[in-house]
Every structure is written in structure tokens, then in C-alpha cells.
Amino acid sequence: MCSSDLGVNPQDWRHQAGVSVGGPILKDKLFFFFNGELQRRDFPLFDSNITNPNLFSSPTSIKPSACGAPATAAQCAAAEQYILSRAEPQLVPRTSDVNLLFGKIDYQINENNRASFEMNYVDFRSPNGIQTQLALTNGNGVGNNANTTVFDRTAKAGLTSILSPQLVNEFKFGFFKDRQYDPNSPSLLPSVGPIGLSITGTYNISNIGYSTNYNRLDPSEQRYEVGDTLSYTAGKHSLKFGYDFASVEDYVSLLTNPYGTYTYASLTAFAQDFSGATTGKHWTTFAQKFGNPVVDTTIFENDVFFQDEWHATPKLTISPGVRYEKELLPEPTQVNPVFPLTGHIPQTNGNVMPRFGVAYALNDKTVLRGDYGMFYNRYVSATVSNFFTSNGLYQ
């Protein structure tokens, strides 16, 4: 069933605005540019969870045969009313607010030195915005939804210096902050509390409880980077030497299913527990996850490189080079004594990567190019975090 079958046409409106301004602060010396944009959107989600014909007689009613003894009529009525409140067709309020800012300053210090500074700001908030679809028929809009936010902050500075007619130096510094946080939505909290619920069998239905995947901070990443490149021209050779250093911290706070999930074999069994069972509990399975939700890791990256562009002849250019990378990885803070290797992440010192390129001009319009390079894949922070959490003890 879609929203049009029920005479529902969810609104979707957006307001957008932006401004850009730039120009000289000091003539021929100091320049600026600024851009700001915002968006406000209102786009409610149409959600339903009534696809099981054995359970529902209509979009707003449950078949009388779905629930019976030993549950009482009052227990069945209360359970059915609860399920309908989660499953029947409904509009879930959802908005999205975005703020973007960008600024840049260029400063011609003197004829040999030029500095630049950049800043970028992103602020995104969307209540009930984890689910982005227009309409859902599996109950995810109510039972598997949450708020979502993204906050990004970046800054970059650079200094280019002409040290001599043959020698140029480029220095750069960068800062990057990315925070993606998805908290549970209080507006979707059911009367039974923050637990997961599902019913199996003939009258099966899922997503009638609370989402079990949130709160989720994954990740809050902070990166600092500094680098320097020296370029030297000598005859037919253009040489480059460079070094980069980066510190990358990833902070994750994530523990799925922290309050538990109940599964029932029938609507009758659920009805007995929903109204307060007096003869024991009637769920068939219960699952809950425990452990430390926080993983905080920092990776240090060191890179050096050398490159030459040799114009051997007016038509032939040869470009040899080499790069070396070294990552310093954190070690897991908790070791499983049954598997001692879970306390160590292998590292290597052999990441030497040669590169070679050649270009030959057949004529003014045609150039043949060929190249070769060796590369090593880096450890990504998500993989390192998994080494911490997947040892059978951490979570």
C-alpha cells in the first residue's frame, strides 16, 4: 500500500539561500573571499508496516483470530492497540537543516612569499532523518529510525616561498574535524521503553519496538597534517623533495542493542507479557549486547618522496621517483588470553614505492605516455577499531 492509496500526499518544501562576497582588503596585497549557504527542508516520511495479510484485516485493524487464549480479551486489545500505533500508516515528522560557510584569505607578503588561509564549516541536522526515503512499508520509519547530524570543520594554511630562481618551497598545514552523530529520536520512543520487539510465525511483524542501533557516534575524527615540498630546477631536471606528517584520531562510541531485543512466537504470547504477565514470561529469545562502547585510536603517518622530471630531449621526458610511507599504529588495550594475537597489530617498515613515467611527443598533436608505480594500502581507522572490539571481550 502506498501513500496515495490512503489519500496522503506528504509535503516536501525547501528554502535555500546563499551569499558570496570577495575582493581586496589591501590593494595588490591582501584579498578575501567568503561564501555562506543554508537550506531548510521539511519532508515528513510516510511509514507503514501492514504487509502481512495474516495479521491485518485493514490498514487500521488486526484480525480477531491473531490473538486469543490463554491471553485475555483485554490483553489482546491492549497489545493490538500498541502494534497498530507502531505499524499503521502514518506520517513521521522529518526535517533537514544545513549551514555551509567557506572563507579564504590570500596574502602577497612580498614578491617572493605568498600565504593563503582557508576555512570550511558544515552543520547538518535532521531529526528522524536516518531513513531518507519518501515512503516505507516495512516499519523502518518508526522502529528503525533516529536523528542524524554531521559537523565538519576544516582549516588550511599554506606558504609558498621563492628562495632563488631555481628553488621554491611550499609549506602547508591542515586541520580536519568530522563528527557524525546519530542519536535516538525521543519522538519515536514507544511506551514499552527503548527495547527491540518482533513477532515470528504466522502473525510475524518486526520493527514494532525501538531502534537498537543508536545512539551512534561513528566517527568523531580529528586530523592534523603538516607537509613541506622543495622544488629545484637544474638544467633539464626538475626535482622535488617532500615530507608529510599526519596525526589521525578516531573516536567512536557505538554499542548496538544495549537495552535488549525480545522475540515472541505469537501475538498471543506478546499480549500476555505486554499487559504484565503473572505466570512467567513468554518471549522465546532475548538478546542484549554489553561492553565498552568507546574506541579511541590515533594513527601517525609519515611520508617522504623524491621525484625528478628529466627533459632528456625536446620530445622525450622521463620521470623517475620514489615514495616511502610509515604508519605508527596503536595496540589494542584489551587482550583475549585465549587468542594472544588479538593484542598485536602487525606493522611493516618496507613500504618503499618506486614510480617511473615516460612521455614522448610524436608531433605537436600526439604524445605517447607510459608509467609504472608500486603502492601499499594503508590501514584505515575503521579496520583498527575492529581489531579493538572484535576480540570477544571488548564488546
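The model shown is predicted, which means the values in this text are computed figures rather than measured ones.

Section: the state of the cysteines
Here's step 1: All chains considered together, the criterion is met by one disulfide.
Here's step 2: Cys67 shares a disulfide with Cys76; S-S distance 2.1 Å. Classification of the bridge connecting Cys67 and Cys76 rests on its S-S torsion, roughly -80°, and on that basis the disulfide is left-handed.
Here's step 3: Residue Cys67 is classed as buried on the basis of its relative accessible area of 10%.
Here's step 4: Taking relative accessible area as the criterion, Cys76 reaches 6% and is therefore assigned buried.

Re helix α1 (residues 73-87)
Here's step 1: Given a rise of 1.5 Å per residue, 15 residues ought to cover 21 Å, and the 21 Å separating the end C-alpha atoms of α1 matches this to within 8%.
Here's step 2: For α1, the complete set of buried residues consists of Gln75, Cys76, Ala79, Glu80, Tyr82, Ile83, Leu84, Arg86 and Ala87.

Points about the packing of aromatic side chains
Here's step 1: A full pass over the atoms with the stated rule returns 12 aromatic pairs.
Here's step 2: Judged by centre distance (4.6 Å) and plane angle (45°), the rings of Tyr262 and Phe286 are tilted. Taken together, the residues Tyr262 in strand β15 (residues 261-264) and Phe286 in strand β16 (residues 285-287) connect sequence positions 24 residues apart.
Here's step 3: The class of Tyr262 is partly exposed, set by a relative accessible area of 23%.
Here's step 4: Joined through ring pairs, the aromatic side chains of Tyr82, Tyr264, Phe270 and Phe274 make up one cluster.
Here's step 5: The aromatic ring of Phe43 is capped on one face by Arg41, whose charged end is 3.8 Å from the ring centroid.

Focus on the side chain of Gln131
Here's step 1: Within the secondary structure layout, Gln131 lies in the loop between β8 (113-126) and β9 (135-136).
Here's step 2: In this structure Gln131 comes out as buried when scored by relative accessible area, which is 10%.
Here's step 3: Within the structure, the side chain of Gln131 is placed 2.8 Å from the backbone oxygen of Asn144, a separation counted as a polar contact.
Here's step 4: Here Gln131 is in contact with Leu45, Arg94, Leu136, Asn140, Gly141, Asn144 and Asn145, once residues within four sequence places are set aside.

Here's the deal with unusual backbone geometry
Here's step 1: The residue after Tyr214, namely Asn215, is reached through a cis peptide bond having omega 15°.
Here's step 2: Looking at the element boundaries, Asn215 is found in the loop between β12 (196-199) and β13 (216-234).
Here's step 3: With an omega of -5°, the peptide bond running from Asp218 to Pro219 counts as cis.
Here's step 4: Of note in this structure, Asn207 is not a glycine but carries a positive phi near 60°.
Here's step 5: Tracing the backbone through its elements, the reader meets Asn207 in the loop between β12 and β13.
Here's step 6: Its relative accessible area of 17% is what places Asn207 among the buried residues.
Here's step 7: One non-glycine residue with positive phi stands out, namely Asn257, at about 50°.
Here's step 8: Asn257 gets classed as buried once you look at its relative accessible area, which sits at 12%.

Examining the sheet that holds β12
Across a sheet, paired strands are connected by hydrogen bonds in the backbone, their directions being either parallel or antiparallel.
Here's step 1: The strand order across the open sheet formed by three strands is β12-β15-β16, and the pairing between neighbours is mixed. One side of each edge strand has no neighbouring strand; the edge strands of this open sheet are β12 and β16. In this sheet, adjacent strand axes meet at a mean angle of 15° when their direction is disregarded.
Here's step 2: Of the strand pairs in this sheet, β12 and β15 are connected by four bridges, and their pairing is parallel. Residue Gly196 lies in a different strand from β15, and its bridge partner there is Thr261.

Some remarks on the nonpolar core
Here's step 1: By size, the foremost hydrophobic cluster in this structure holds 24 residues, and its most contacted members are Phe56, Ile83, Leu267 and Phe270.
Here's step 2: Secondary-structure elements contributing two or more residues to this core are α1, β12 and α3 (267-274).
Here's step 3: Of all the elements, α1 adds the most residues to this core, at six residues.
Here's step 4: Residues in contact with Phe56, not counting those within four places in the same chain, are Asn49, Ile50, Ser61, Ile62, Lys63, Ile83, Leu84, Ala87 and Ile205.
Here's step 5: With seven residues, the next largest nonpolar core counts Val295, Ile299, Leu329 and Tyr394 among its residues.

Regarding the packing of α1 against α3
Here's step 1: Contact geometry of α1 with α3 gives a least axis separation of 8 Å together with a crossing angle of 100°. Looking at the two axes, α1 sits roughly perpendicular to α3. Contacts between α1 and α3 involve Gln75, Cys76, Ala78, Ala79, Glu80, Tyr82 and Ile83 from the first element and Leu267, Phe270, Ala271, Gln272 and Phe274 from the second.
Here's step 2: Of the residues that constitute the contact of α1 with α3, the class distribution is nine nonpolar, two polar and one charged.

Rules used throughout
Residue indices follow the written sequence of each chain, beginning from 1 at its first position. Note on the predicted model: pLDDT of at least 70 is required for a residue's local features to be given, and 80 or more for side-chain atom pairs to be given and counted; whole-chain, interface and lining totals, by contrast, use all residues. The side-chain figures draw on all heavy atoms in the structure; neither hydrogens nor water molecules are used. Cysteine sulfur atoms are paired as a disulfide whenever they come within 2.5 Å of each other. Only protein chains enter the area calculation, which uses a 1.4 Å probe; residues under 20% of their type maximum are buried, those over 50% are exposed, and those in between are partly exposed. Runs of E in the DSSP output that reach at least two residues are strands. Runs of H or I that reach at least four are helices, and both are numbered from the N terminus. For a helix, the expected span equals 1.5 Å multiplied by the number of residues minus one. Only Phe, Tyr and Trp rings are paired, with Trp represented by its six-membered ring, and only when their centres lie within 6.5 Å; those with planes under 30 degrees apart are stacked, over 60 edge-to-face, the remainder tilted. Each ring is checked for a lysine NZ or an arginine CZ that lies within 6 Å of its centre and within 35 degrees of its normal; such an atom marks a charge sitting over the ring. Two N or O atoms count as a polar contact when they lie within 3.5 Å, although within protein this holds only if one can serve as hydrogen donor and the other as acceptor, and sequence-adjacent residues are included solely when both atoms are side-chain atoms. We call two residues in contact when some of their heavy atoms are within 4.5 Å. When DSSP locates at least two bridges between a pair of strands, those strands are taken to pair. In this analysis, axes come from line fits to C-alpha atoms, helices being fitted only over the stretch in contact, and the angle between any two N-to-C directions falls in the range 0 to 180 degrees. Only buried Ala, Val, Leu, Ile, Met, Phe, Trp, Tyr and Cys residues count toward a nonpolar core, and they belong to the same one when joined by side-chain atoms within 4.5 Å. In what follows, roughly perpendicular refers to angles from 65 to 115 degrees, roughly parallel to angles under 35, roughly antiparallel to angles over 145, and oblique to any angle outside these ranges. Under the convention adopted here, Pro, Cys and the residues Ala, Val, Leu, Ile, Met, Phe, Trp and Tyr are nonpolar, Asp, Glu, Lys and Arg are charged, and Gly plus all remaining residues are polar.

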